[in-house]
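# Architecture and fold: a report
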Amino acid sequence: MANRSGQWRITDPAKALGNLGPRSARWAWLELVLPLFAIGALVVFHKPQYIPSIFLESATTPVAWVAWALLGALGGLLCFSGLLVLFFLVYSPVYLAGKAPMLMSTGAWTDRREVRFYGLCFVVLCVLLALLLWDWKWFVSAVLLLTGFAPSFWRALV
């Protein structure tokens, strides 16, 4: 179909060209809160003197309990995001090895976006392993940032 003016319109904003992929309005807050929490955790990891004072005292006030509950909830979300990242990174070499015969031959059909996604996951895995061998602090920083920005990162890759 030719792309002439007036021939077709994008009526669904989720399928607009500028949109990186469909996203639920219910979980859109996660793409803002999770990176901010990961950056905060990264700052505290490198500079422990920046730990908020509410976490250094005993939790005797209701505000301290709310702060600890918020920290636990966001930490749990970050850990779950890390587990998803770990799964895709570890599974990428297995997927690519399984698709290797189809990728080498010309007769089989493969989804290019899926192969590109797992190929980039494999590249990220190799970079993370190189960082682990080089300096573990850089590795932890990269993993924190990757898990914090995972919802946006995966949407951009797909």
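## Comments concerning the overall build of the chain
Summing up its helical and strand segments, the chain has five helices and zero strands in all. From first element to last, N terminus to C terminus, the chain shows the α and β order α-α-α-α-α. Within the chain, the fraction of its 158 residues that count as buried is 23%. Pairs at least 24 apart in sequence give 66% of the contacts found in the chain among residues at least 6 apart. As displayed, the chain offers around 11300 Å² of accessible surface, 71% of which is attributable to carbon and sulfur atoms.

## Side note on the nonpolar core
Grouped together as the largest cluster of nonpolar side chains are 16 residues, with contacts concentrated most on Val-85, Leu-89, Phe-117, Leu-128, Leu-146 and Trp-154. Counting only elements with at least two residues in this core, the list comes to helix H2 (62–104), helix H3 (112–134) and helix H5 (150–157). Of the residues forming this core, the biggest block, eight residues, is contributed by H3. Those residues in contact with Val-85 that sit more than four places away from it in its chain are Leu-146, Thr-147, Ala-150 and Trp-154. By size, the runner-up hydrophobic cluster in this structure holds eight residues, among which are Leu-34, Phe-37, Leu-74 and Leu-78.

## So, the packing of aromatic side chains
Overall, the coordinates contain ten aromatic pairs when judged by the stated rule. Ring geometry for Phe-45 and Trp-136: centres 6.0 Å apart, planes at 80°, overall edge-to-face. In this pair, Phe-45 sits in helix H1 (residues 30–46) while Trp-136 sits in helix H4 (residues 136–148), placing the two residues 91 residues apart along the sequence. Ring centres 5.5 Å apart and planes at 85° place the aromatic pair Phe-88 and Phe-117 in the edge-to-face group. With a gap of 29 residues between them, Phe-88 in helix H2 and Phe-117 in helix H3 connect regions that are remote in the sequence. Residue Phe-88 is classed as partly exposed on the basis of its relative accessible area of 23%. Of the residues examined, Phe-117 reaches a relative accessible area of 8% and is grouped as buried. Among the aromatic residues, those joined into a cluster by ring pairs are Phe-87, Phe-88, Tyr-91, Tyr-95, Phe-117 and Tyr-118.

## Regarding H5
Within H5, the full set of buried residues consists of Ala-150, Trp-154, Arg-155 and Leu-157. Axial view of H5: buried residues confined to an arc of 165°, hence all on one face.

## Focus on the layout of surface pockets
Counted as a void, the second largest pocket has a volume near 250 Å³. Taken together, 15 residues form the lining of the second largest pocket, with Gly-82, Val-85, Leu-86, Phe-139 and Val-143 sitting closest to its centre. Listed by contribution, the elements that provide at least two residues to the lining of the second largest pocket are H2, H3 and H4. By residue number, the principal contributor to the lining of the second largest pocket is H2, which donates eight residues. A breakdown of the residues in the lining of the second largest pocket according to their chemical character gives 13 nonpolar, two polar and no charged.

Reading the values: the criteria
- Residue numbers here run from 1 along each chain, matching the order of that chain's written sequence.
- Per-residue local features of the predicted model are confined to residues with pLDDT of at least 70, and side-chain atom pairs are confined, for both listing and counting, to 80 or more; whole-chain, interface and lining totals are unaffected and use all residues.
- With hydrogens and water set aside, each side-chain value is computed from the structure's full complement of heavy atoms.
- To qualify as a helix, a DSSP run of H or I must reach at least 4 residues; to qualify as a strand, a run of E must reach at least 2; elements of each kind are numbered from the N terminus.
- With a 1.4 Å probe rolled over the protein chains alone, any residue whose accessible area is under 20% of its type maximum counts as buried; one over 50% counts as exposed, and the rest are partly exposed.
- Note on definitions: a residue-residue contact is assigned when non-hydrogen atoms from the two residues lie within 4.5 Å.
- In this description, accessible areas are obtained by the Shrake-Rupley approach with a 1.4 Å probe, and a residue is regarded as covered only by the protein chains that are shown.
- To define a nonpolar core, start from buried Ala, Val, Leu, Ile, Met, Phe, Trp, Tyr and Cys residues and group those joined through side-chain atoms within 4.5 Å.
- Pairing of aromatic rings covers Phe, Tyr and Trp, the last counted by its six-membered ring, and requires centre-to-centre distances within 6.5 Å; plane angles under 30 degrees mean stacked, over 60 mean edge-to-face, and any other angle means tilted.
- What the arc describes is the spread of directions from the helix axis to the C-beta atoms.
- Here a cavity is any set of points on a 1 Å grid over the protein atoms alone where a 1.4 Å probe fits but cannot get out, and a pocket is any open set with protein on both sides within 12 Å along at least 5 of 7 lines; a residue lines the site when it has an atom within 4 Å of a point.
- Grid points are joined across faces, edges and corners, and a volume is the space filled by probe spheres set on the points.
- Under the convention adopted here, Pro, Cys and the residues Ala, Val, Leu, Ile, Met, Phe, Trp and Tyr are nonpolar, Asp, Glu, Lys and Arg are charged, and Gly plus all remaining residues are polar.

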